[in-house]
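# A look at the structure
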Amino acid sequence: MSERVTVFGAGYVGLVTGVCLSSAGHEVKVLDVDPAKLASLDAGRCPFFEPGLEDLMRASRDKGALSFATVDSIRRFSGIIVIAVGTPATATGSADMRFVRSVVDMLEERAEPGTVVVMKSTVPPGTGRALSARLAPHGIQYVSNPEFLREGSAVTDWFQTDRVVLGGVGDAIDRVRPMYAEIDAPILACDVTSAEMIKYASNAFLATKISFINEIAVLCDLVGATVDEVASGVGMDSRIGPAFLRPGIGYGGSCFPKDTRALDFLANLHGYDFHLLRAVIEVNARQRLLPVRALKEQFGSLEGRRIAILGLTFKPETDDTREAPAGEIISLLRAEGAEVVGYNPIPVPMAELTSTADTLQEALAGAHAAILTTEWAEIVDSDWASLVRTMADRPIVFDGRNALDPQVIQSAGAKYIGVGRPQEGTA
Ligand SMILES: NC(=O)c1ccc[n+]([C@@H]2O[C@H](COP(=O)([O-])OP(=O)(O)OC[C@H]3O[C@@H](n4cnc5c(N)ncnc54)[C@H](O)[C@@H]3O)[C@@H](O)[C@H]2O)c1
């Protein structure tokens, strides 16, 4: 059954939602308040990089299933309304609900009775219960429908999701089920607050796996074990699984850092000290210091040293630099007086850099050190033996993702430092 769906927000989640729903046969309108984004969409261009999205978007638009508009151009709302606006962190760590609130305020006035509001933005547990109570007197139903897609594989993730979570009362959930008729995944129907908590708990658990393996990496360094072997062996246990067990400079991006902080904030708000989560956040912050500390140990001072930062986005296959580890590491290096040149396979702006290189070769030429901050295949699969030879005398390569081959780098004359990988001669 084809549904009429309006999506608020043409960001990574909203646009992917709109495009995937329309390509599955629903009639979708995506709204945004950003004129530049809408101009790009009207011209058939995806305003951000997400593999496969632009082609699918054009196909849906050409068959009349997908359109874009400004929020102000719509006077009355009905059908299914998906909210996918941002919920960034505030200075205190809580989720900034400004954008969600402005949409809900408007819907309260302009949505027809019988409308169902579907919340895809990540909102603190408790939000939906309050919003449901506000909207119910207007005949508007509310369903929490947290999103689990990953940037870089968002389209595949949408169609091949592990589960669809729908939180709300039974008849509201039944109104939303047809939206997912084309998706072959279990639907977990639960209450609103549990649905909200599933999202935060999932991200907190994945962040915990990352910080856990990073702690194990420290111990591996101390006892002379190789964390990559340890992670492989641990991940082979089907109760644990291999995902999110790669040690490195820690998690970043638009979700894990803000969602872990928001959950910690929520716990505090309710008078609970979430020890484990706090440790996860602290360990992650510590990981960022590793390359800076390692380079200072090797060079003494970083003043005037040319350091190449390889990978500016928070993960490969995206252009998203929100809370990317690179940004923080660059600022730390600049504060030490280093000259920092950045390279990313997809050009992205990063104000903290001294300069940006157009190619990997240009970034590494004459560099005293390189830090791999994001494991883009283009960077990892390059000819590192040749690249190292273009660097300064006795350079250092800090592999912040344990993705490079230490032997190739060492044989070419550089010092290789990974995370929890034994140093040359200690294996
Ligand atoms: N990015 C991810 O990988 C991801 C994954 C799962 C969940 N989420 C959650 O989904 C939500 C959206 O994240 P995102 O990364 O897509 O954000 P984003 O910043 O990429 O997009 C948000 C969009 O909403 C628009 N917007 C703001 N106010 C609006 C309004 N009043 N009406 C219409 N549009 C408005 C903005 O202009 C922007 O285009 C967040 O709560 C996030 O935590 C994100």
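The paragraphs below set out a description of the structure included in this document.

Attention shifts here to the overall build of the protein. What the protein contains, in helices and strands, is 16 helices and 14 strands. Against the compact-globule benchmark of 22 Å for 427 residues, the protein has a radius of gyration of 23 Å, which places it among compact chains. Each principal axis of the C-alpha distribution contributes one length, and for the protein these read about 70 × 50 × 35 Å. In the protein, of all internal contacts separated by at least 6 residues, the share reaching a separation of at least 24 is 69%. Counting every atom, the protein has about 18,500 Å² of accessible surface; 54% of that belongs to carbon and sulfur. Separation between the mean location of the 40 positive side-chain charges and that of the 54 negative ones in the protein comes to 3 Å.

This brings us to the pattern of salt bridges. Counting across every chain of the model gives 22 salt bridges. The salt bridge involving Glu112 is made with Arg76; its shortest N-O contact spans 3.4 Å. In this pair, Glu112 is assigned in the loop between α4 (98-110) and β5 (116-119) and Arg76 in the loop between β3 (66-70) and β4 (80-83), connecting sequence segments 36 residues apart. Across the pair Arg278 and Asp273 runs a salt bridge whose closest N-O atoms are separated by 2.8 Å.

This part takes up the site of the ligand. Residues in contact with the ligand amount to 29 residues; listed here are only the nearest, Asp32, Lys37, Thr87, Glu151 and Lys258. Within the contact set of the ligand, an oxygen atom lies 2.9 Å away from a side-chain nitrogen or oxygen of Arg322. Considering the ligand on its own, with 830 Å² of exposed area, one finds that the protein chains cover 89% of that surface. Listing elements by their share of the shell around the ligand, those giving two or more residues are α1 (12-23), β2 (27-32) and α4. When residues in the shell around the ligand are grouped by element, the largest group, three residues, is from α4. Classifying every residue of the shell around the ligand by side-chain character gives 13 nonpolar, eight polar and eight charged. The residues that make up the shell around the ligand include at least three from each of domain 1 (4-190) and domain 2 (205-417).

Below, the discussion takes up the sheet that holds strand β10 (residues 339-343). The strand order across the open sheet formed by six strands is β11-β10-β9-β12-β13-β14, and the pairing between neighbours is parallel. For this open sheet the edge positions go to β11 (355-356) and β14 (415-417), each flanked by a neighbour on one side alone. Bridge count between β10 and β11: two bridges; the pairing is parallel. Paired with Gly342 across the strands is Thr356, a residue of β11. The sheet contacts of helix α11 (residues 275-299) involve β9 (306-310), β12 (369-372), β13 (396-399) and β14, and relative to β13 the element is tilted by about 160 degrees.

Turning our eyes to something else, we now look at empty space enclosed by the protein. Evaluated as defined, the whole model comprises two cavities of 30 Å³ or more. As for the largest cavity, its lining consists of Lys120, Asn145, Pro146, Glu147, Phe148, Asp157, Trp158, Thr161, Arg163, Val164, Val165 and Tyr180. For the lining of the largest cavity, the residue count by class is six nonpolar, two polar and four charged. Of the pockets and cavities examined, the second largest cavity occupies roughly 50 Å³. In terms of lining residues, the second largest cavity is bounded by Met119, Ser121, Thr122, Val123, Ser144, Asn145, Pro146, Glu196 and Lys199. Split into classes, the residues belonging to the lining of the second largest cavity amount to three nonpolar, four polar and two charged.

Moving on: α1. Under the 1.5 Å per step criterion, the end-to-end length of α1 is 16 Å for twelve residues, consistent within 8% with the ideal 16 Å. Burial of α1 is extensive: ten of the twelve residues sit out of reach of the surface. Where α1 ends, the next residue or the one after it, Gly25, has phi of about 105 degrees, a positive value.

Evaluation of the coordinates by the stated rule reveals six aromatic pairs. Geometrically, the ring pair formed by Phe8 and Phe77 is tilted, given 5.4 Å between the ring centres and 40 degrees between the ring planes. Taken as a pair, Phe8 in strand β1 (residues 4-8) and Phe77 in the loop between β3 and β4 lie far apart in primary sequence, 69 residues in all. Across the pair, Phe77 and Phe8 agree in class, each one buried. Seen from their ring centres, Tyr251 and Phe256 are 5.9 Å apart, and the 80 degrees between their planes marks the pair as edge-to-face. Neither Tyr251 nor Phe256 differs from the other in exposure class; each is buried. Three or more aromatic residues joined by ring pairs form one cluster here, namely Phe244, Tyr251 and Phe256. One Lys or Arg, Arg163, reaches over the ring of Phe148 and ends 3.6 Å from the middle of that ring.

Thresholds applied
- Residues numbered from 1 in each chain as written.
- Predicted model: local features only at pLDDT ≥ 70, side-chain atom pairs only at ≥ 80, totals over all residues.
- Heavy atoms only, no water.
- Helix = DSSP H or I, 4+ residues; strand = E, 2+ residues; numbered from the N terminus.
- Rg over C-alpha atoms; globule rule 2.2 N^0.38 Å.
- Contact = heavy atoms within 4.5 Å.
- Areas by Shrake-Rupley, 256 points an atom, 1.4 Å probe, with all protein chains shown as cover.
- Lys, Arg positive; Asp, Glu negative; His and termini not counted.
- Charge placed at Lys NZ, Arg CZ, Asp CG, Glu CD.
- Salt bridge = Lys/Arg side-chain N within 4 Å of Asp/Glu carboxyl O.
- Near = heavy atom within 4 Å.
- Polar contact = N/O pair within 3.5 Å; in protein donor to acceptor, adjacent residues only side chain to side chain.
- Nonpolar A, V, L, I, M, F, W, Y, C, P; charged D, E, K, R; others polar.
- Domains from an automatic or database assignment.
- Pairing = 2+ DSSP bridges.
- Axes fitted to C-alpha atoms, helices over the stretch in contact; angles between N-to-C directions.
- 1 Å grid on protein atoms, 1.4 Å probe; cavity = no way out; pocket = protein on both sides within 12 Å on 5 of 7 lines; lining within 4 Å.
- Points joined across faces, edges and corners; volume = space filled by probe spheres on them.
- Expected span 1.5 Å × (residues − 1).
- Buried < 20%, exposed > 50% of the residue type's maximum accessible area, 1.4 Å probe, protein only.
- Phe/Tyr/Trp six-rings, centres within 6.5 Å; stacked < 30°, edge-to-face > 60°.
- Lys NZ or Arg CZ within 6 Å of the ring centre and 35° of its normal.

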